[in-house]
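Per-entry structural report
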Amino acid sequence: MSRVRPGRDDSPDRLYTLTGGRSGTGSTAFDVVTLVVSECEPVPGMQSEHAAILRMCRFPTAVVEVAAGLGLPVSITRILLADLHDTGRISARHPRPTSYRLPDHDILEQVLVGLRNL
């Protein structure tokens, strides 16, 4: 069941207008788990979605959370974030890669056998 939002239209025409007709950023700067932080406050005359992002990201917020908060697809949110990033209004923090490795397959097999024997 879709959520009805008065005054909001998620038609392709509206999404096209939000992004200025762009369908991508040409950048991989924003993964769904990238943390976004505002570097400034919204200014008068700013696109309402940009202003909402700046208010939402006063503290580190994941891209997927920003998309959910805006009620927009992640692909559209990435374009809006790229606009703000290009003007220095937000910064992006990527998660650090972990050096975690799964245990050896033989150890996992032994644990499974042990559990079955219980």
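Going by the structure above, here's the rest.
What counts as what
Residues numbered from 1 in each chain as written. Predicted model: local features only at pLDDT ≥ 70, side-chain atom pairs only at ≥ 80, totals over all residues. Heavy atoms only, no water. Pairing = 2+ DSSP bridges. Helix = DSSP H or I, 4+ residues; strand = E, 2+ residues; numbered from the N terminus. Contact = heavy atoms within 4.5 Å. Axes fitted to C-alpha atoms, helices over the stretch in contact; angles between N-to-C directions. Parallel < 35°, antiparallel > 145°, perpendicular 65-115°, else oblique. Nonpolar A, V, L, I, M, F, W, Y, C, P; charged D, E, K, R; others polar.

A closer look at the pairing of strand β1 (residues 35-38)
Relative to strand β2 (residues 61-62), β1 runs antiparallel, the two sharing 2 bridges. In the sheet register, Val36 faces β2, and the bridge partner there is Thr61. Here 4 bridges tie β1 to strand β3 (residues 90-93), and the two strands are oriented antiparallel to one another. Counterpart to Ser38 in the pairing with β3 is Ile90.

Let's talk about the sheet that holds β1
One open sheet accounts for 3 strands, arranged β2-β1-β3; its pairing is antiparallel. Single-partner strands in this sheet number two, and they are β2 and β3. On top of the sheet, helix α4 (residues 74-86) reaches β1 and β3; it is set at about 115 degrees to β3, its chief contact.

Re the packing of helix α3 (residues 63-70) against α4
Axis separation between α3 and α4 bottoms out at 9 Å; the angle between their running directions is 105 degrees. What the angle tells us is that α3 and α4 run roughly perpendicular. Residues Val63, Val64, Val66, Ala67 and Leu70 of α3 touch α4, and the partners they reach there are Val74, Thr77, Arg78 and Leu81. Of the residues in the contact of α3 with α4, the class split is 7 nonpolar, 1 polar and 1 charged.

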